[in-house]
Amino acid sequence: RPRAGSGPSTSTGPADPEAIRQRAVELQRYVERERGLTFKQPVEVQGLDDAAFKAPVLQEFDKERASLERQGRLLQAAGLVPADVDAVEAQRQLLGEGVLGFYDPVTKALVVRGTGDTPFLREIMVHELTHALDDQHFDLNRPQLADKKDGSDWGFLALTEGSARRVEYAYVDQMSEADRQQLQQ
């Protein structure tokens with residue numbers, strides 16, 4: 001699942017590929033220790049500039065447009081979204097600006113918006129590397145859940161996101177005070 005940040009990215013260019021690769025190796029070891037599992041194969045992390053990063057994120061979003069339009073109308077009918085707001089376009093814009101990393105269990109791609117080696121990028125990488133590790137052991141690609149009407153799709157999402165958030169929070173907890181302060185900013 002795409003991992004959103006707390007605000008828009010300040011990046012314009014890709015991070016140094018070698019620096020991303022080295023950091024990914026270090027963070028994979030952390031995720032293994034914290035998760036209690038071992039990667040079956042290394043995960044390559046790719047840093048992309050803003051335009052190259054946004055394209056696949058928005059393409060995936062656009063596949064769900066019809067469903068999101070129905071949800072938007074329901075939110076407007078319930079008074080949760082103003083009638084004059086295009087709920088789908090607002091979500092699309094937020095997603096394009098706010099998502100800073102994702103792991104795709106179909107392609108096995110872990111992609112981050114190239115923001116340099118910051119505490120925030122490392123936090124995102126730990127979260128997404130946890131998805132990659134879980135995928136290697138438990139196959140996160142479960143398209144059959146999309147057709148379920150019993151909540152099992154949301155249950156599976158809660159499990160996968162809960163696993164990644166737990167490891168992410170543990171990583172943040174062990175950061176230096178200076179890194180945590182930078183992360184808060």
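This one's a predicted model, so the numbers in the text were calculated from it and none came from an experiment.

On to the overall build of the chain. Scanning the chain for helices and strands turns up 7 helices and 4 strands. For the chain, the succession of helices and strands along the chain, N to C, is β-α-β-α-α-α-β-β-α-α-α. Contacts in the chain between residues far apart in sequence, at least 24 positions, make up 76% of those at least 6 positions apart. Carbon and sulfur atoms form 53% of the exposed surface of the chain, whose accessible area is close to 10700 Å². The distance from the centre of the 23 positive side-chain charges to the centre of the 31 negative ones in the chain is 3 Å.

Right, let's talk about the packing of aromatic side chains for a bit. Scanning the entire structure with this criterion turns up 2 aromatic pairs. Judged by centre distance (5.1 Å) and plane angle (70 degrees), the ring pair of Tyr30 and Tyr171 falls under edge-to-face. Remark: Tyr171 occurs in helix H6 (residues 152-173) and Tyr30 occurs in helix H1 (residues 17-35); sequence separation between them is 141 residues. For the pair shown, Tyr30 and Tyr171 are each scored as buried. Aromatic side chains Phe53 and Phe102 sit 5.6 Å apart centroid to centroid with 50 degrees between the ring planes, which places their arrangement in the tilted category. You can see Phe53 sitting in helix H2 (residues 50-63) and its partner Phe102 sitting in strand E3 (residues 99-104), a full 49 residues away along the chain. Phe102 matches Phe53 in its accessibility class, with the two residues each being buried.

One broad rule of soluble globular proteins: the nonpolar side chains tend to lie buried together. The biggest cluster of nonpolar side chains holds 26 residues, and the ones touching the most others in it are Val31, Phe39, Val45, Leu110, Val112, Met125 and Leu129. Every element with two or more residues in this core is listed here: H1, E3, strand E4 (109-113), helix H5 (119-138) and H6. Non-local contacts of Leu129, meaning those with residues more than four positions away in its chain, are made with Ala24, Leu27, Gln28, Val31, Phe39, Val43, Val45 and Leu110. The next biggest cluster of nonpolar side chains, apart from the first, holds 10 residues, and it includes Leu48, Val57, Leu68 and Leu95.

It is the contact of H1 with H5, at a shortest axis distance of 9 Å, that shows an interaxial angle of 60 degrees. When the interaxial angle is binned, H1 and H5 end up oblique. Seen along the crossing, H1 lies across H5 with a hand that is right-handed. Contacts between H1 and H5 involve Ile20, Arg23, Ala24, Leu27, Gln28, Val31, Glu32 and Arg35 from the former and Leu121, Arg122, Met125, Val126, Leu129, Thr130, Leu133, Asp134 and Phe138 from the latter.

Parameters and conventions
Residues numbered from 1 in each chain as written. Predicted model: local features only at pLDDT ≥ 70, side-chain atom pairs only at ≥ 80, totals over all residues. Heavy atoms only, no water. Helix = DSSP H or I, 4+ residues; strand = E, 2+ residues; numbered from the N terminus. Contact = heavy atoms within 4.5 Å. Areas by Shrake-Rupley, 256 points an atom, 1.4 Å probe, with all protein chains shown as cover. Lys, Arg positive; Asp, Glu negative; His and termini not counted. Charge placed at Lys NZ, Arg CZ, Asp CG, Glu CD. Phe/Tyr/Trp six-rings, centres within 6.5 Å; stacked < 30°, edge-to-face > 60°. Buried < 20%, exposed > 50% of the residue type's maximum accessible area, 1.4 Å probe, protein only. Core = buried A, V, L, I, M, F, W, Y, C linked by side-chain atoms within 4.5 Å. Axes fitted to C-alpha atoms, helices over the stretch in contact; angles between N-to-C directions. Parallel < 35°, antiparallel > 145°, perpendicular 65-115°, else oblique. Left-handed = near helix turned anticlockwise from the far one by under 90°.

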